[in-house]
Amino acid sequence: MAGTALRRLMAEYRELTLNPPDGILAGPTNEENFFEWEALITGPDDTCFEGGVFPAKIILPSDYPLSPPKMQFLCDMFHPNIYADGRVCISILHAPGDDPLGYESSEERWSPVQSIEKILLSVVSMLAEPNDESSANVDAAKMWREDREQFNRRAQATVRKTLGLPVE
């Protein structure tokens, strides 16, 4: 199975290299291991994360694309759908099939037709429009709902930190 996964990952890497999505750079950490990737995601325009450059890692299972990868930001992120340790919590990264809690439809969850590019585009979308109903960070979700101005200030501090600028 790892051979099939490797061929698929090499094709995805080639496609991301030839046609990178705006604001996203991604590829294997080194060419000896296609199952560990690093990514740089630029904060989406017209959002509180605009201008930030957020490093992340993606760990792919040996049975990819049958099972979803795991993604984790490598910088501090205060966001409703990102755990305190940086792990990303969005539907596309959840195992295929029906949600045992009944919150997500199986169409929203991982399937082999998804790709690393689709994951990264979903994460950019998540940065722009958090899902505060299914939060990984309850404090961030609460602040997003109840005090958007404070949330935006906190996000801007994160942006400045990722750029090596002093946080005001």
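Residues numbered from 1 in each chain as written. Predicted model: local features only at pLDDT ≥ 70, side-chain atom pairs only at ≥ 80, totals over all residues. Heavy atoms only, no water.

S.K.: Go over the pairing of strand β3 (residues 53-59), please, and point to the residues and values.
M.R.: Here β3 shows a clear split, with Phe 54, Ala 56 and Ile 58 buried on one side and none of Val 53, Pro 55, Lys 57 and Ile 59 buried on the other. When strand β2 (residues 33-42) meets β3, the two strands line up antiparallel, connected through seven bridges. The residue of β3 that forms the bridge with Ile 41 is Phe 54. In this structure, β3 lies alongside strand β4 (residues 70-73), joined through four bridges in antiparallel fashion. Considered in β4, the bridge of Lys 57 is made with Gln 72. (Buried < 20%, exposed > 50% of the residue type's maximum accessible area, 1.4 Å probe, protein only. Helix = DSSP H or I, 4+ residues; strand = E, 2+ residues; numbered from the N terminus. Pairing = 2+ DSSP bridges.)

S.K.: An account of the state of the cysteines is needed here, citing residue identities and associated values.
M.R.: Under the defined criterion, the tally for this structure stands at zero disulfides. Cysteine Cys 48 remains unbridged, with the sulfur of Cys 75 as its closest cysteine sulfur at 13 Å. (Disulfide = S-S within 2.5 Å.)

S.K.: Please give an account of the pattern of salt bridges that cites residues and values.
M.R.: Under the criterion given, the structure shown has six salt bridges. When the shortest N-O distance is used, the salt bridge between Lys 161 and Asp 76 registers 2.8 Å. A residue pair is termed long-range when its members are at least 10 positions apart, and Lys 161 in helix α4 (residues 148-162) and Asp 76 in the loop between β4 and α2 (116-128) qualify at 85 residues. Residue Lys 161 is classed as exposed on the basis of its relative accessible area of 52%. According to the relative accessible area criterion, Asp 76 is exposed, its value standing at 52%. Between Arg 145 and Asp 132 there is a salt bridge, and its shortest N-O distance comes to 3.7 Å. You can see Arg 145 sitting in helix α3 (residues 138-146) and its partner Asp 132 sitting in the loop between α2 and α3, a full 13 residues away along the chain. With a relative accessible area of 47%, Arg 145 lands in the partly exposed category. Overall, the relative accessible area of 17% leaves Asp 132 in the buried class. (Salt bridge = Lys/Arg side-chain N within 4 Å of Asp/Glu carboxyl O.)

S.K.: Can you explain the environment of Gly 164? Please cite residues and give values.
M.R.: Along the chain, Gly 164 falls in the segment after α4. In this structure, the C-alpha to C-alpha distance between Gly 164 and Asp 85, residues 79 residues apart in sequence, is 20 Å.

S.K.: Tell me about the layout of surface pockets, residues and numbers included.
M.R.: Reported here for the largest pocket is a volume of approximately 260 Å³. Around the largest pocket, the lining comprises 14 residues; the ones closest to its centre are Pro 69, Lys 70, Met 71, Arg 87 and Val 88. Secondary structure elements with two or more residues in the lining of the largest pocket: β3 and β4. A per-element tally of the lining of the largest pocket places β4 first, with three residues. In the lining of the largest pocket, the residues fall into nine nonpolar, two polar and three charged. (1 Å grid on protein atoms, 1.4 Å probe; cavity = no way out; pocket = protein on both sides within 12 Å on 5 of 7 lines; lining within 4 Å. Points joined across faces, edges and corners; volume = space filled by probe spheres on them. Nonpolar A, V, L, I, M, F, W, Y, C, P; charged D, E, K, R; others polar.)

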